[in-house]
Amino acid sequence: MTKRFYLTTAIDYLNGEPHLGHAYEKIVADTIARARRSLGEDVFFLTGLDEHGQKVQQAALDSGKQPQTYCDELAATWKAFAQKLNLSNDDFVRTSEPRHKAVVQAILSKLHAGGHFYKAQYHGFYSPKEETFLTGKDRRPDGTFDPGYGEVAELVEDNYYFHLRKHQAWLIEHIESHPGTDPDGREFIEPSYRRNEVLGFLKHNTLDDLCITRPLARLNWGIPLPFDADFVTYVWFDALVNYVSVPAARGDPTVLAALEPEIRHLTSACRTPSSGLQLWPADIHVIGKDILKFHAVYWPIMLKTMGLPLPRQILVHGWWQKDGQKMSKSTGNVVDPVAVIDEWGVDAFRYYVVRELDIGPDGNWTDAGFQARYSAELANGLGNLVNRSLSMLKRYRDGVVPKFSEELAPEIRQAVGHVIEKLRVNKLQEALLAIFFSIVNRANQYVDQTAPFKLAKDPAKAPRLDEVLYNLAETCRILAVLLWPFVPATAEKIYAQLGLSDAPDKMNAANWGGLNAGHRIGEPAPLFPRKDRFDNKQSGQ
Ligand code: MSP
């Protein structure tokens, strides 16, 4: 068995409902997963939920439920959300699952035995709101703490710490010397400005050792520390481990070997049936910019001490705002992905977030921007092209594909090459732009230039009409293949309307000439119904 292309997302805190930011990250990762599969790679795509910690315990308490009951109920909503987004994940991890807990404990035992932890008394300040310790460095010039920390309390308590300082030098060296070891030449941290940020941080600061526990007296919704019953594991040492706990549960030999003998108590009950998958090291961790330090500093050090290779890439996306402001439940300034999807369809949502925001910078959601792209690019661009191409084929040739022609082939071939190149390096927005500019717009222009509706009126122009109709239908077919990673349901609809029974999920089908003369297409139907202002007002009532 060969190693799978292993792709992960951040696991979301289970203390509320999913929002645009969560949805965006998962769609980005899903698009990469689908693109890689389409390009022939054997992908394993993991997403899931981060269930332990103060915030979740508090949220459970507020709703009058036991944490596990609270999590079980809410996890069902999040799993349904993953389906709503049409994610193609291969597993869904929950950190309260036995298979995950067993691996966290095995790692803690191993690292404890290896002398990587020490117990010390902490005397300082603590922000319950942000679940974080604060030091003098966090004080503002007037001696107070940022109001974002909420009420800050003075605290004296014992905890376990993870030695970090001694790892600083090799980590800097690793980041600097890893412009990507794989054939695509990807960087360890991308985009490069995020890599520079991490390097700057590591070079100009001395790492504080990481506190990895909370006293049971203060937090009991966590994984018990295997070597001291008075403590639970603090969230990051728990959450980050999900990236290896699922491989371990699925029998990944690299992870299992590294965690011997501590992993022995990962009983068969914790193992998922399809054992023996080779997943580690991860090929890409997709994360948001706010959790970069945890992934680019703490996680590599944890892995190194476990004896595991580092992930190949950390791909960092930016944050969405709404109408130029931070999204916040308290002010009601949020985008509810479910409401958008219910009104406009999942593919309109998937398309918009990837088209609007490149992986890296921050983005801004406006309803007007979303609706403008829907109307111009999906309804009038792609939808109109497919609908008129297939409707004309139906009307003028009874839905039967005419003989092969390759008038548009050179341009399309070039565009396909370009799109594939972009997909191989996760430049999703650029790939989508190329699809729309070089293919959708070009083909719509071709309809206007060749005017098939005029050709149809002159029997002497029948051979020319055949050519035009073939070129249009074949372009639609190739579009479906290229678009499948982005908007899978739409791509499948295009294939069905073309009367093709297979799925548009293999990039090598984007070769010109796949439609055979004499093939009968299916029924054309609008892919993205036009919605005018009146409709919008009505649906908003
Ligand atoms: N549980 C931790 C991650 C642990 S990973 C081992 C966490 N959870 S979170 O729910 O707060 O965030 C999950 C992901 O959503 C993060 O990658 C975060 O950056 C992303 N986003 C949260 N809000 C966002 C926006 N407004 N915009 C884009 N992404 C955002 O952090």
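Reading the values: the criteria
Residues numbered from 1 in each chain as written. Predicted model: local features only at pLDDT ≥ 70, side-chain atom pairs only at ≥ 80, totals over all residues. Heavy atoms only, no water. Helix = DSSP H or I, 4+ residues; strand = E, 2+ residues; numbered from the N terminus. Rg over C-alpha atoms; globule rule 2.2 N^0.38 Å. Buried < 20%, exposed > 50% of the residue type's maximum accessible area, 1.4 Å probe, protein only. Pairing = 2+ DSSP bridges. Core = buried A, V, L, I, M, F, W, Y, C linked by side-chain atoms within 4.5 Å. Contact = heavy atoms within 4.5 Å.

A.B. asks: Pulling in residues and values, what's your account of the overall build of the chain?
C.D. replies: Assigned secondary structure in the chain consists of 19 helices and 15 strands. Its C-alpha radius of gyration of 26 Å places the chain within 12% of the 24 Å reference for a compact globule of 541 residues. Along the longest, intermediate and shortest principal axes, the C-alpha atoms of the chain span 90 × 55 × 45 Å. Counting every position in the chain, which comprises 541 residues, the buried fraction comes to 56%.

A.B. asks: Give a description of the sheet that holds strand S9 (residues 210–211) that names residues and reports values.
C.D. replies: The strand order across the open sheet formed by four strands is S6-S5-S7-S9, and the pairing between neighbours is antiparallel. Edge positions in the sheet fall to strand S6 (132–134) and S9, since each has one partner strand and no second. In the sheet, strand S5 (residues 117–127) pairs with strand S7 (residues 153–162) via 10 bridges, with the strands oriented antiparallel. When the sheet's bridge partners are listed, tyrosine 126 is paired in S7 with alanine 153.

A.B. asks: Run through the nonpolar core, naming residues and quoting values.
C.D. replies: A general tendency of soluble globular proteins is for nonpolar side chains to be buried together. Ranked by size, the top nonpolar core spans 108 residues in total, and within it Phe349, Val353 and Trp365 carry the most contacts. For phenylalanine 349, the residues in contact, after removing those within four places along its chain, are Leu20, Ala23, Ile27, Leu85, Pro337, Val340, Ile341, Trp365 and Phe370. In this structure, Ile107, Phe188, Ile263 and Met302 belong to the second largest nonpolar core, which totals 67 residues.

A.B. asks: Give a description of unusual backbone geometry that names residues and reports values.
C.D. replies: Cis geometry marks the peptide bond from glutamate 190 to proline 191, where omega comes out at 0°. Along the polypeptide, proline 191 turns up in the loop between strand S8 (189–190) and helix H6 (192–204). A cis geometry characterises the amide bond from glutamate 260 onward to proline 261, with omega recorded as -5°. Here proline 261 is to be found in the loop between helix H9 (253–258) and strand S12 (284–288). Here the phi dihedral of aspartate 323 falls at roughly 50°; this positive angle occurs in a residue that is not glycine. Checked against the element boundaries, aspartate 323 lands in the loop between strand S14 (320–322) and helix H11 (337–344).

What is shown is where atoms sit, not what they do.
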